[in-house]
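A structural walkthrough
Given next are the chains, with one letter for each unit.
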Amino acid sequence: MKSRTLFLLIFFFSLMFIAARTDAQMVPSSFEQIDYLVTFGPESKKSWGDDDYSQVFFFVVPASFTKPVYIRVFDASTGSNIDERNGTWNTMTKFSVYGGKGTHSDPDSRKTDPVGNYKSGRLMASKTFSADDRYDNRWYTFGPFNPLEGEKSEEMNGAHIFKIVADGVQGNDGNLYKYFLSTQPDINRAVEGANAFTYEYSFRLPEAVNSVAHLYPFIDKEMVSLTQHNFDFDKEGSVLIYTVAKNRHQADVSANNSWGISKHLIEDEEKNTSMDLQIVKRRTSRNDMVCFVTNQYDEAVAFFSSPIGGPPKYKYKVDVKYKTRKKN
């Protein structure tokens, strides 16, 4: 119960500080500078960059918003120039939307592996996509959903949570896609005050040399240490940590089909702020990878698409000592 209470407090802060910007509700957002989410088929080797062939995202709709909402998926099928082909296109991906009791409050929904009751809540909509050019580079819309159909949390000031799960159900290709929480079925129009988050991020890095992807976990007031985990980065660059107290701190980097794991202590001034976990690419290539973060209790920490309080700014400390000369 303690960890849940802390997380709900985080959400309270998120609803206070999120800017009502359209690009903040695209997933990945403009803050993150990530090209696409990615989910591979279950017959793919993990060395292609997906450790478990499943990805879970949550959307938070403020209690003050009462009109219908839509969850839109860009390029939900495989077979486009965006997707990652592995031989012949043979992959199927199932997208499922959940709401109601247990959607997020069930502990299994907050784990980094798709185990147990991670599909908790009430199934509200579902569709399986294959290599179908009708959906290539186009938006597919789930909904409308009444915000009241999401899981309500009194601790979050009455906000409602929806969950979307992308599961690779067949094949070995990579499906690359984006989400948008919208007030309209045919265009992307932001829900004021909403946000999105995940506990494990599977994504496509930008291809350009020296490009930087950003992930934004929130450091709550009880956090003593944070452990970052990154998978299959192929040692293509650096993983750096920036906070209000850390400037370009090095984190361990993963090789092909392996994990890079490093523990980092949290300073008092970092609490109740966002961390900027930066992934700096030094080679031009297509590269998919996975990241998650845990606290000192080995509980997963949420990455927010729009960082709570905004991206952190390092506070330089000036420590200058002056020597005075005595008068004769």
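Each remark here, short or long, concerns the structure printed above.
Anyway, here's the lowdown on the structure attached to this text. (Residues numbered from 1 in each chain as written. Predicted model: local features only at pLDDT ≥ 70, side-chain atom pairs only at ≥ 80, totals over all residues. Heavy atoms only, no water.)

**Focus on empty space enclosed by the protein**
A complete count under the given rule lists one cavity of 30 Å³ or more for this structure. Approximately 130 Å³ is the volume found for the largest cavity. Around the largest cavity, the lining is made up of 15 residues, and of these Val56, Lys111, Thr112, Asp113 and Glu200 lie nearest the centre. Looking at which element gives the most residues to the lining of the largest cavity, the answer is strand β3 (residues 54-61), with four residues. Its residues placed into classes, the lining of the largest cavity shows five nonpolar, five polar and five charged. (1 Å grid on protein atoms, 1.4 Å probe; cavity = no way out; pocket = protein on both sides within 12 Å on 5 of 7 lines; lining within 4 Å. Points joined across faces, edges and corners; volume = space filled by probe spheres on them. Helix = DSSP H or I, 4+ residues; strand = E, 2+ residues; numbered from the N terminus. Nonpolar A, V, L, I, M, F, W, Y, C, P; charged D, E, K, R; others polar.)

**Some remarks on the packing of aromatic side chains**
As enumerated under the stated definition, the model contains 22 aromatic pairs in all. When the centroid spacing of 6.3 Å and the interplanar angle of 75° are considered together, the rings of Phe59 and Tyr179 count as edge-to-face. With Phe59 in strand β3 and Tyr179 in strand β10 (residues 174-182), this residue pair connects regions lying 120 residues apart in the sequence. Its relative accessible area of 0% is what places Tyr179 among the buried residues. Every member of this aromatic cluster is reached through a ring pair, and the members are Phe57, Phe59, Phe95, Phe129, Tyr135, Tyr140, Phe142, Tyr177, Tyr179, Tyr201, Phe203 and Phe303. Above the ring of Phe129, the side-chain terminus of Lys127 is found at 5.4 Å from the ring centroid. (Phe/Tyr/Trp six-rings, centres within 6.5 Å; stacked < 30°, edge-to-face > 60°. Buried < 20%, exposed > 50% of the residue type's maximum accessible area, 1.4 Å probe, protein only. Lys NZ or Arg CZ within 6 Å of the ring centre and 35° of its normal.)

**Remarks on the pattern of salt bridges**
Counting across every chain of the model gives 12 salt bridges. As a salt-bridge pair, Glu236 and Arg283 come within 3.2 Å of each other at their nearest N and O atoms. Of this pair, Glu236 sits in the loop between β15 (225-231) and β16 (237-242) while Arg283 sits in the loop between β20 (276-281) and β21 (288-295), and the two are 47 residues apart along the sequence. Across the pair Glu270 and Lys246 runs a salt bridge whose closest N-O atoms are separated by 2.9 Å. Taken together, the residues span a long stretch of sequence, with Glu270 in the loop between β18 (259-265) and β19 (273-274) and Lys246 in the loop between β16 and β17 (249-251) at a distance of 24 residues. For the pair Glu270 and Lys246, one class covers both residues: buried. Where salt bridges share partners, they join Glu84, Arg204, Glu207, Arg286 and Asp288 into one cluster. (Salt bridge = Lys/Arg side-chain N within 4 Å of Asp/Glu carboxyl O.)

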